[in-house]
Amino acid sequence: MTSRGWFALLRGILLLLAGGAFAAAWSMGLYASALVSALAALWGLGTGIAEAQRPKLVPVAAPMPAPDPAHRERRLTALLDLSPAPIVTLDGEGRLTAINRAARRLFGAADLVADPPALLVEAIGDASGRAATVTIGGRSYALTTSDFALGGAQSRLAALIDIDAELKAAEAATLRDLVQVLSHEIVNALTPIASLSRTAADMLEEPAPSIPALRDAVGTVARRAEGLQRFGEAYRSLARLPAPRFAPLDLREGAEDLARLFATRWPSLPLAFEAPAPLRLHGDADQLSAALWALLQNAAEAVGEGTGGQVGLALWRDERAAYWQVWDNGPGVAEADRAAIFRPFFTTKPQGSGVGLALARQILLAHGGDLTLLEGEGGARFEAMLPIAPQG
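The structure displayed is predicted, hence computed values, not measured ones.

Brief notes about the environment of Gly 369
Okay, step 1: Within the secondary structure layout, Gly 369 lies in the loop between α10 (356–366) and β11 (370–373).
Okay, step 2: Taking the relative accessible area as the measure of exposure, Gly 369 reaches 9% and is therefore buried.
Okay, step 3: It is 7.3 Å that separates the C-alpha atoms of Gly 369 and Ala 384, two residues lying 15 residues apart in sequence.
Okay, step 4: Each residue touching Gly 369, except ones within four places of it in the same chain, is listed here: Leu 364, Met 385 and Pro 387.

A look at the sheet that holds β11
Okay, step 1: The five strands lie next to each other as β7-β9-β10-β12-β11, forming an open sheet whose pairing is mixed. The outermost strands of the open sheet, each flanked by one partner alone, are β7 (271–274) and β11. Along the sheet, successive strands turn relative to each other by an average axial angle of 15 degrees, direction set aside.
Okay, step 2: Alignment of β11 against strand β12 (residues 380–387), held across four bridges, turns out to be antiparallel. Looking across to β12, one finds that Asp 370 is bridged to Met 385.
Okay, step 3: Most of the contacts of helix α8 (residues 251–265) go to strand β9 (residues 311–317), to which it runs at about 175 degrees, and overall it touches β7, β9, β10 (321–328) and β12.
Okay, step 4: Together, β7, β9, β10, β11 and β12 form the strand contacts of helix α9 (residues 285–303), whose direction differs from that of β10 by roughly 20 degrees.

Considering the pattern of salt bridges
Note on pairing: side chains with opposite charge can pair once their charged atoms come close.
Okay, step 1: Inspection of every chain in the model, using the stated rule, returns 10 salt bridges.
Okay, step 2: Here Arg 95 and Glu 93 are joined by a salt bridge, their closest N and O atoms 3.5 Å apart.
Okay, step 3: Relative accessible area serves as the criterion here: at 42%, Arg 95 is assigned to the partly exposed category.
Okay, step 4: Residue Arg 139 pairs with Asp 164 through a salt bridge whose shortest N-O separation is 3.7 Å. Within this pair, whereas Arg 139 is found in strand β4 (residues 139–150), its partner Asp 164 is found in helix α6 (residues 164–205), the two being separated by 25 residues in sequence.
Okay, step 5: Judged by relative accessible area, Asp 164 falls into the buried class, the value being 4%.
Okay, step 6: Here the salt bridges share partners, and the residues they tie into one network are Asp 81, Arg 101 and Arg 104.

Regarding the packing of aromatic side chains
Okay, step 1: Taken as a whole and judged by the stated rule, the model has three aromatic pairs.
Okay, step 2: For the pair Trp 316 and Tyr 323, a centre-to-centre distance of 5.5 Å together with 15 degrees between the ring planes defines the contact as stacked.
Okay, step 3: Given a relative accessible area of 32%, Trp 316 falls into the partly exposed group.
Okay, step 4: Accessibility expressed as a relative area gives 10% for Tyr 323, which makes it buried.
Okay, step 5: Taken together, Phe 262, Trp 266 and Trp 293 form an aromatic cluster joined through their ring pairs.

Details of the confidence of the model for the protein chain
Okay, step 1: Overall, the prediction assigns the protein chain a mean pLDDT of 75, with 67% of residues at 70 or greater.
Okay, step 2: Segment residues 1–37: pLDDT under 50, and 23 contacts once partners within four positions in sequence are set aside and those in other chains are kept.

Quick word on the nonpolar core
Okay, step 1: With 40 residues, the main nonpolar core has Leu 251, Leu 296, Trp 324 and Phe 382 as its most contacted residues.
Okay, step 2: The element that contributes the greatest number of residues to this core is α9, accounting for 10 residues.
Okay, step 3: In this structure, Leu 251 is in contact with Leu 279, Leu 281, Leu 288, Leu 315, Ala 322, Trp 324 and Leu 386, ignoring residues within four places of it in sequence.
Okay, step 4: Within the second largest apolar cluster, 17 residues are counted, among which are Val 88, Leu 96, Val 113 and Leu 160.

With respect to α8
Okay, step 1: The terminal C-alpha atoms of α8 lie 21 Å apart, and with 15 residues this matches the ideal 21 Å at 1.5 Å per residue to within 8%.
Okay, step 2: Listed as buried for α8 are Leu 251, Ala 255, Leu 258, Ala 259 and Phe 262. Considered in projection along α8, the buried side chains sweep an arc of 110 degrees and stay on one side of the axis. With respect to the buried face of α8, the exposed residues turned more than 90 degrees away are Glu 253, Arg 260 and Thr 264.
Okay, step 3: Residue Asp 250 occupies the N-cap position of α8, its side-chain oxygen lying 3.0 Å from the main-chain nitrogen of Arg 252.

Basis of the calculations
- Residues numbered from 1 in each chain as written.
- Predicted model: local features only at pLDDT ≥ 70, side-chain atom pairs only at ≥ 80, totals over all residues.
- Heavy atoms only, no water.
- Helix = DSSP H or I, 4+ residues; strand = E, 2+ residues; numbered from the N terminus.
- Buried < 20%, exposed > 50% of the residue type's maximum accessible area, 1.4 Å probe, protein only.
- Contact = heavy atoms within 4.5 Å.
- Pairing = 2+ DSSP bridges.
- Axes fitted to C-alpha atoms, helices over the stretch in contact; angles between N-to-C directions.
- Salt bridge = Lys/Arg side-chain N within 4 Å of Asp/Glu carboxyl O.
- Phe/Tyr/Trp six-rings, centres within 6.5 Å; stacked < 30°, edge-to-face > 60°.
- pLDDT = per-residue confidence, 0-100.
- Core = buried A, V, L, I, M, F, W, Y, C linked by side-chain atoms within 4.5 Å.
- Expected span 1.5 Å × (residues − 1).
- Arc of directions from axis to C-beta.
- Polar contact = N/O pair within 3.5 Å; in protein donor to acceptor, adjacent residues only side chain to side chain.

Structural data, given as structure tokens:
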């Protein structure tokens, strides 16, 4: 307790005792003692009032020293140097500056990068906000950027995240899947060809070969060879899909053309078509038509003609994207096959190539959209999404 607190406590005790003494002396007729007690009480009360009116001194903490700009800069530099991602800045004049240790090590520069990679400068300067991947020194980096003002001049800060290991792992996994699919399809096609070819060769060695049996063997070999050729053509069409050529188009207009083509190709299979308004966007009209036709063909083959089946096509849009759905009331996609339905060359149809759905999804992805198989009971329902804004 402070000295002021102690004095307040003693003053309270004095007032209490003075009040008691005054009451006792007055009751016993000791008026002189009562007067002294009253004076003592008045003195204690007066000092209390005076103490309450005295301005209290509030202790003021010593002012903190102003932060040292040089110290603050050294601390920020140390924090940036801890980052494993190279960090650079690009100013309005196209000068690239290494900010942290990782960037100085990557570009071999202490500060200003004398000869920066042109593709990196272009990617950092791109104001579209799209994610970018750049290759520097044989390694792949994902690029993230942010704008800031320094001394009244605009600059752009960029961080390069090394994704080389992740990309190589993804490429290796994709290559393994591709080799597995190709080897499976090729071996499945070559095995009967080799067997029947040997059978036909043995027949020719006989003194009197059976012409009908020989004709059947050679015919089967020819059909299997044609199937292998079709597989090769399908793979080539999937592997050589060019980049989309973006141009304004009306998605509903293209869908109407395909609906008429569908009626000609499957006249006994009804197509429920719904597209209430024009759907104008940017895209490659030929590729999008190929993707939509692949879905319609897949649905038609799933239900078949003359079975009472039905196929549906619906188009709509919101503020950011256009959509279409293709559905059928066929047997649907088995739960065990849902994860593989978009895998190249995967098919559950006896005469299917397994390319249509994979090609359609690849086209949608190249347009910045996607193709998904929706959950549901009865039949299959595929939904495509296409961004309204151009992606190229």
